[in-house]
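Chain by chain, the residues:
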Amino acid sequence: MRLERPGRAESAPLVLVEVPEPEPGPGEVAIAVEACGVCRTDLHLAEGEVSAPLPRILGHQVAGRISAVGDGVTGHAVGDAVGAGWMAFVDGSCRWCVSGRENLCPAARYTGRDRDGGFAETTTARAEWVFPLPAGVSAMEAAPLLCAGVIGYRALRLSGVESGGRLGFFGFGASAHLAIQIARHRGCEVYAFTRGESGRRLALEMGAKWAGGADDDPGVALDAAVTFAPAGELVPAALARLAPGGTVAINAIHMSAIPSIPYERIYGERVVRSVQNSTRRDALELLELAREIPIRAEVAPYPLEEANAALRDVASGHVRGAAVLRVR
Ligand SMILES: [Zn+2]
Ligand SMILES: [Zn+2]
């Protein structure tokens, strides 16, 4: 399902095409895709809010089995259950890479943007960005871990919330419904601020202490907050609930403009920070946590050829948990 030209999700911008089977180059593996998650970033790419060289096969939450191994690859074998996420390449030599911040590498390339991704029967990926999947987790359940899970995990970390702390989630979609499982595992109280009734219900079912709208008052001050929906007005809404010294971590690759705020909203050493991409360490730690807790994804399945319907449902917020394409 390839993006030929960006357009609104309702206009079905992905097109079913036959392409030659991709072969792994040196340092790469081929993955027989079993499932691929549909991320909000795929929607931003399809609608042109995030640009990509075209045509491009989107999809960066790939779960499947290695079907071929390129020259020079060690540590991966045909048949291994693996996943690949948004990060596809870093140079390994810039000042961010050498200081443990490869997620900020200016030379980074991204799956389903700079190279073809997982809305396909086969894809290829650089071996160092391919991760073993937790045993006993199906490909459909593992796929959302690879971006929604990893970035939610990183956002939790950057929010600075401590075990037992009060944490606000603004928006409750694919990433939040995975992150709440980590937060609950750490004894955090989670307050879910989200528009839709179904998102609130899901949050409460998953152990949220409270669920309401973005401007509702849960009656307590939050130690930290993570915004998951790409709406700039959530940043002042989150700041309004934040205790002094707290952080709002913005989990978004693209967001509408953040409205101006009175200085008092951020005074008290409150911090607003974005979350960009993830490191290999984030991915390995999250996959380990997924096995240990265990994290269970609530999956809305779609056949591969219904990828446009999945994008539409992500756009309208009509997905309970994570949208995932079933490929084989
Ligand atoms: Zn770098
Ligand atoms: Zn993503």
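Our structure's up above, just so we're on the same page.
A brief look at the structure comes next.

### Comments concerning the side chain of Thr123
Positionally, Thr123 belongs in strand β9 (residues 122-126). Its relative accessible area of 4% is what places Thr123 among the buried residues. Reaching out from Thr123, the side chain makes a polar contact with the backbone oxygen of Gly117 at a distance of 3.1 Å.

### Comments concerning the coordination of the zinc ion (ligand 2)
The coordination sphere of the zinc ion (ligand 2) contains the protein donors Cys39 (SG), His60 (NE2) and Cys147 (SG), at a distance range of 2.0 to 2.2 Å. Read N to C, the donor residues that coordinate the zinc ion (ligand 2) are spaced as C-x20-H-x86-C. With Cys39 in the loop between β3 (28-38) and α1 (40-46) and Cys147 in the loop between α2 (139-142) and α3 (148-159), this pair connects stretches of sequence that are 108 residues apart. Across this residue pair, the class does not change: Cys39 and Cys147 are buried.

### Some words on the packing of aromatic side chains
The final tally for this structure, using the stated rule, is seven aromatic pairs. Look at Tyr191 and Trp210: their rings are 6.5 Å apart centre to centre, the planes differ by 40 degrees, and that puts the pair in the tilted class. Taken together, the residues span a long stretch of sequence, with Tyr191 in strand β12 (residues 189-193) and Trp210 in strand β13 (residues 210-212) at a distance of 19 residues. The residues Tyr191 and Trp210 share a single accessibility class, namely buried. Seen from their ring centres, Tyr263 and Tyr267 are 5.5 Å apart, and the 45 degrees between their planes marks the pair as tilted. For Tyr263, a relative accessible area of 54% translates into the label exposed. For Tyr267, a relative accessible area of 55% gives the class exposed. Put simply, the rings of Phe170, Tyr191, Phe193 and Trp210 touch in pairs and so form one group of aromatic residues.

The rules behind these values
Residues numbered from 1 in each chain as written. Chains lettered and ligands numbered in written order. Predicted model: local features only at pLDDT ≥ 70, side-chain atom pairs only at ≥ 80, totals over all residues. Heavy atoms only, no water. Helix = DSSP H or I, 4+ residues; strand = E, 2+ residues; numbered from the N terminus. Buried < 20%, exposed > 50% of the residue type's maximum accessible area, 1.4 Å probe, protein only. Polar contact = N/O pair within 3.5 Å; in protein donor to acceptor, adjacent residues only side chain to side chain. Donors = N, O, S within 2.8 Å, 3.2 Å for Na, K, Ca; no water. Phe/Tyr/Trp six-rings, centres within 6.5 Å; stacked < 30°, edge-to-face > 60°.

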